Amino acid sequence: MSDHRTSEAVIEPQDFARRVIQPADFMADTEAFVDVRLPRSRGKASYSFIGPGVSQNTDQTVNLTEPHGFQIGAASMGHGVVNNQHLHFTAEVLICTRGQWRVNIGEHAEQQLEISPGTVFSAPNWVFRGFENIGPDDGWLFTVLGGDDTGGIIWAPDVLRDAAQTGLYLKADYSLLDASNGEPPEDVILPLDPELLSGVDDYSDDELAARTVAKEDLQWSASALLSSVLSGHDTALAPVIGYGLTEDRHHRAPIATPHGFSVEWLRVEPGASTGIHRHGHSQVVLIDEGHWEIAVNRGDDAISASPAEGSVVSIPAGVWRDLKNSGTSQALALVVCATDQRAGIEWDPDIVTAAELCGWSHDAAGYLAPTALLGRPPK
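Just so we're clear, the structure is a prediction, and the values are computed from it rather than from any experiment.

Student: Would you mind going over the overall build of the protein chain in detail, with residue names and values included?
Tutor: Counting its regular elements, the protein chain contains 5 helices and 27 strands. Dimensions of the protein chain, computed from the C-alpha atoms along their principal axes, are close to 75 × 45 × 40 Å. Of the contacts formed within the protein chain by residues at least 6 apart in sequence, a portion of 73% connects residues at least 24 apart. Put simply, the protein chain shows about 16,500 Å² of open surface, and 49% of that area lies on carbon and sulfur atoms.

Put into structure tokens, the structure is as follows:
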């Protein structure tokens, strides 16, 4: 049994405050990558909220450096700005919350797909990808990267060649080197040979589409949490990657390939909350819409925050939490947990008892079930 079920993990107010990363705390990095001086890439900004991500700027700002099992960042780009072709060794998930984007797949952008607000796209490992803001205004993409060590990225050969013309190179440790005021350096990363690139993967258009989940395609369940059977807990979940928090045995994640983390949508009605619960995995809540109050700890230790839309909130493993809609319209958030499998929720005993009085409990696999069908006393 996990340690979080036998001890009362408490997060201190100062620690919780730094884990609530609001837009006012965001630090744009405009020197994160080797392509930032290319004509169509000027003005792109990168953000590292949790972990360093794949930034090549040794002076980057990281809001939270402690390992979560995954990393959270973002890209902000104006109309027509391009993030050039590169590949990742671990998962990269793009979450569009603002703007219209074209994702380019392949070393020379041979394939394209478009994403809009509410769309989640999981880019396959070992595939060249880039993206461009094709909307009229500034766009925003959250990114979730797999692992505490991503292994960095590989740039398409043309990108490194073009970047060298601007004076930017990558050193052997993949950090940026500015040689615009001197002779071209010798000890730098060179464009990969075409023969080596034959080992890069490719995917069909249909396979890429299967890794794209738009908001209108979400499969919501209003019976995904034990607390949902109780008054004041009108919530719904829609899995996207992995299974996350859901306790609905009928839920199927549209993207089930291993990522090292899960991604799901959480919807909470006005005045409702998830109810007090905890689990043994690092969790991040990306606030998309509405007014939220996020409470942690119980009893005299209870504290809360009201993060603005666009905020990134990190909740450590084993800490009690309650996510509430404090507004007058539906509230939406994306929840990321550091597991491909179901997180395995432990509910506050008061919720368990109240649910049992309503005739609901968990079966032996941890899914919701009518107590009368269990054939045994509920635990």
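Student: I'd like to hear about the sheet that holds strand β1 (residues 20–21), residue by residue, with values.
Tutor: The antiparallel open sheet is built from 6 strands, whose spatial order is β1-β22-β19-β24-β17-β16. Because the sheet does not close on itself, it has two edges, and the strands there are β1 and β16 (235–241). As judged from the 6 bridges shared by β16 and strand β17 (residues 262–268), these two strands associate in the antiparallel manner. Residue pairing across strands places A238 opposite W265, the latter belonging to β17.

Student: I'd like a description of the side chain of R19, backed by residues and values.
Tutor: If you trace the backbone, R19 turns up in helix α1 (residues 13–19). Looking at R19, its side chain comes within polar contact range of the side chain of S314, at 2.7 Å. Here R19 is in contact with I11, L64, E66, H68, V312, V313, S314 and P316, once residues within four sequence places are set aside.

Student: Describe the sheet that holds strand β4 (residues 70–77), and please don't skip the residues or the numbers.
Tutor: Read from one edge of the open sheet, 7 strands run β3-β2-β4-β11-β6-β9-β15, paired in mixed fashion. Whereas interior strands pair on both sides, the edge strands pair on one side only; in this sheet they are β3 (62–64) and β15 (212–213). Judged from the 5 bridges that link them, strand β2 (residues 45–50) and β4 form a sheet pairing that is antiparallel. When the sheet's bridge partners are listed, A45 is paired in β4 with S76.

Student: Lay out unusual backbone geometry in plain terms, naming residues and giving numbers.
Tutor: One non-glycine residue, A109, lies in the positive phi region at around 60 degrees. Position of A109 relative to the elements: it lies in the loop between β7 (101–105) and β8 (111–115).

Student: Describe the pattern of salt bridges, with residues and values.
Tutor: Think of it this way: side chains of opposite charge can pair up when their charged atoms draw near. Taken as a whole, this structure holds 16 salt bridges when the rule is applied. One salt bridge connects R129 with E92, and the closest N-O pair in it is separated by 2.6 Å. Placement of R129 in strand β10 (residues 129–133) and of E92 in strand β6 (residues 92–98) is noted, with a sequence separation of 37 residues between them. No difference in accessibility class separates R129 from E92, as the two residues are buried. Close ionic contact of R267 with E269 constitutes a salt bridge, the shortest N to O distance being 4.0 Å. Each of D15, R18, R19 and E66 takes part in one network of salt bridges that share partners.

Student: Account for the environment of Q165, with residues named and values stated.
Tutor: Relative to the helices and strands, Q165 is located in helix α2 (residues 157–165). Taking the relative accessible area as the measure of exposure, Q165 reaches 71% and is therefore exposed. Expressed as a C-alpha distance, the spacing of Q165 and V54, which sit 111 residues apart in the sequence, is 22 Å.

Student: Can you break down the pairing of β4 residue by residue, with the values?
Tutor: With 8 of 8 residues buried, β4 lies mostly within the body of the structure. Sheet topology note: the β4/strand β11 (residues 139–146) ladder contains 8 bridges and is antiparallel. Each bridged residue has a counterpart across the sheet, and for G73 the counterpart in β11 is T143.

Student: Report on helix α5 (residues 349–357), specifying residues and quantitative values.
Tutor: For α5, the N-terminal cap is D348; the gap from its side-chain oxygen to the backbone nitrogen of D350 is 3.0 Å. Following α5 by one or two positions, G359 adopts a phi angle in the positive range, close to 90 degrees.

Student: Can you tell me about the environment of T150, naming the residues and giving the values?
Tutor: Its location among the elements puts T150 in the loop between β11 and β12 (153–155). Take T150: its relative accessible area is 5%, and that puts it in the buried class. Residues T150 and L237, 87 residues apart in the sequence, show an inter-C-alpha distance of 29 Å. Apart from the residues lying within four places of it in its own chain, the contact partners of T150 are G53, V54, Q71, F89, T90 and L145. Of note is the side chain of T150, whose polar atom sits 3.2 Å from the backbone nitrogen of G152.

Procedures and definitions
- Residues numbered from 1 in each chain as written.
- Predicted model: local features only at pLDDT ≥ 70, side-chain atom pairs only at ≥ 80, totals over all residues.
- Heavy atoms only, no water.
- Helix = DSSP H or I, 4+ residues; strand = E, 2+ residues; numbered from the N terminus.
- Contact = heavy atoms within 4.5 Å.
- Areas by Shrake-Rupley, 256 points an atom, 1.4 Å probe, with all protein chains shown as cover.
- Pairing = 2+ DSSP bridges.
- Polar contact = N/O pair within 3.5 Å; in protein donor to acceptor, adjacent residues only side chain to side chain.
- Salt bridge = Lys/Arg side-chain N within 4 Å of Asp/Glu carboxyl O.
- Buried < 20%, exposed > 50% of the residue type's maximum accessible area, 1.4 Å probe, protein only.

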